[in-house]
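Inside the fold
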Amino acid sequence: MRARDLDQALATMEPEFLACRYRRHAWDPYTAHRTPAGYDERLICVRCEAIRHTVYTRRFTIVRTSITYPAGYRLIGLGALTGTDRGGVRAAAMLPTVTEP
Ligand SMILES: [Zn+2]
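These notes cover the structure that comes with them. Everything numeric in this text was worked out from a predicted model, so none of it was measured. Once a new chain begins, its residue numbering starts again from 1 and follows that chain's sequence as written. For this predicted model, a pLDDT threshold of at least 70 governs which residues receive local features, and a threshold of 80 or more governs which side-chain atom pairs are given and counted, while totals over whole chains, interfaces and linings are taken from all residues. Processing note: side-chain calculations cover all non-hydrogen atoms of the structure and skip hydrogens and water entirely.

1. A short note on the coordination of the zinc ion
Atoms of type N, O and S within 2.8 Å of a metal are treated as its donors, and for Na, K and Ca the window is 3.2 Å; water is not considered, so some sites may appear to be missing partners. Donor atoms from the polypeptide that bind the zinc ion are Cys20 (SG), His25 (ND1), Cys45 (SG) and Cys48 (SG), placed at 2.1 to 2.4 Å. For the zinc ion, the 4 donor atoms in the first shell make angles of 100 to 116° at the metal, a pattern classed as tetrahedral. As a motif over one chain, the donors of the zinc ion read C-x4-H-x19-C-x2-C. On the criterion of sequence distance, the pair formed by Cys20 in helix H2 (residues 15–23) and Cys48 in the loop between strand S2 (38–45) and strand S3 (51–57) is long-range, its members being 28 residues apart. Accessibility classification places Cys20 together with Cys48 in one group, the buried group. Note on geometry labels: four donors, all angles 85 to 135 degrees, give tetrahedral; four donors become square planar and six octahedral when opposite donors are over 155 degrees apart and every other angle is between 65 and 115; remaining cases are irregular. By definition, any uninterrupted DSSP run of H or I lasting at least four residues is a helix, any uninterrupted run of E lasting at least two residues is a strand, and each is numbered from the N terminus. Relative accessibility under 20% of the residue-type maximum defines a buried residue, over 50% an exposed one, and the middle range a partly exposed one, all with a 1.4 Å probe and only protein chains included.

Set out below in structure tokens:
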């Protein structure tokens, strides 16, 4: 039942979200500024518009990183993806691009 739920979620997912899940995000600079303790940087994914927020010390040691995903990106209610699930994500992203020889 769970595999069917995942397949159904992937079938209706935005193509950009599938591409990012398969090929990872394509980060570009968004904002960056100094803070009293170091730096605060936000990157934006040019495909899905997820935002990656990183807080650095003055010497650029990472203090924390978080990602804010766009609505519809997350697979709510399906729990952590297994290796098999990740194969399903890859298949959903790649199979539409496969051409026959
Ligand atoms: Zn993305």
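2. Topic: the nonpolar core
Grouped together as the largest cluster of nonpolar side chains are 15 residues, with contacts concentrated most on Leu6, Leu10, Met13, Cys48 and Leu75. Here the element with the most residues in this core is H2; it accounts for 3 residues. Contact definition: two residues touch when any of their heavy atoms are within 4.5 Å. Sequence-distant contacts of Cys48, that is, excluding residues within four places in its chain, are made with Glu16, Phe17, Cys20, His25, Pro70 and Tyr73. Residues belong to a common nonpolar core when they are buried Ala, Val, Leu, Ile, Met, Phe, Trp, Tyr or Cys residues joined through side-chain atoms within 4.5 Å.

3. Digging into the layout of surface pockets
Reported here for the largest pocket is a volume of approximately 270 Å³. Lining the largest pocket are 13 residues, with Cys20, Arg21, Tyr22, Tyr73 and Arg86 sitting closest to its centre. Going through the elements one at a time, H2 and helix H3 (83–94) are the ones with two or more residues in the lining of the largest pocket. Only Asp, Glu, Lys and Arg are considered charged in this grouping, and only Ala, Val, Leu, Ile, Met, Phe, Trp, Tyr, Cys and Pro are considered nonpolar; every other residue, Gly among them, is considered polar. Grouping the constituent residues of the lining of the largest pocket by class yields 8 nonpolar, 1 polar and 4 charged. Both cavities and pockets are sets of points on a 1 Å grid over the protein atoms alone; in a cavity a 1.4 Å probe fits but cannot get out, in a pocket the set is open with protein on both sides within 12 Å along at least five of seven lines, and lining residues sit with an atom within 4 Å of a point. Grid points are joined across faces, edges and corners, and a volume is the space filled by probe spheres set on the points.

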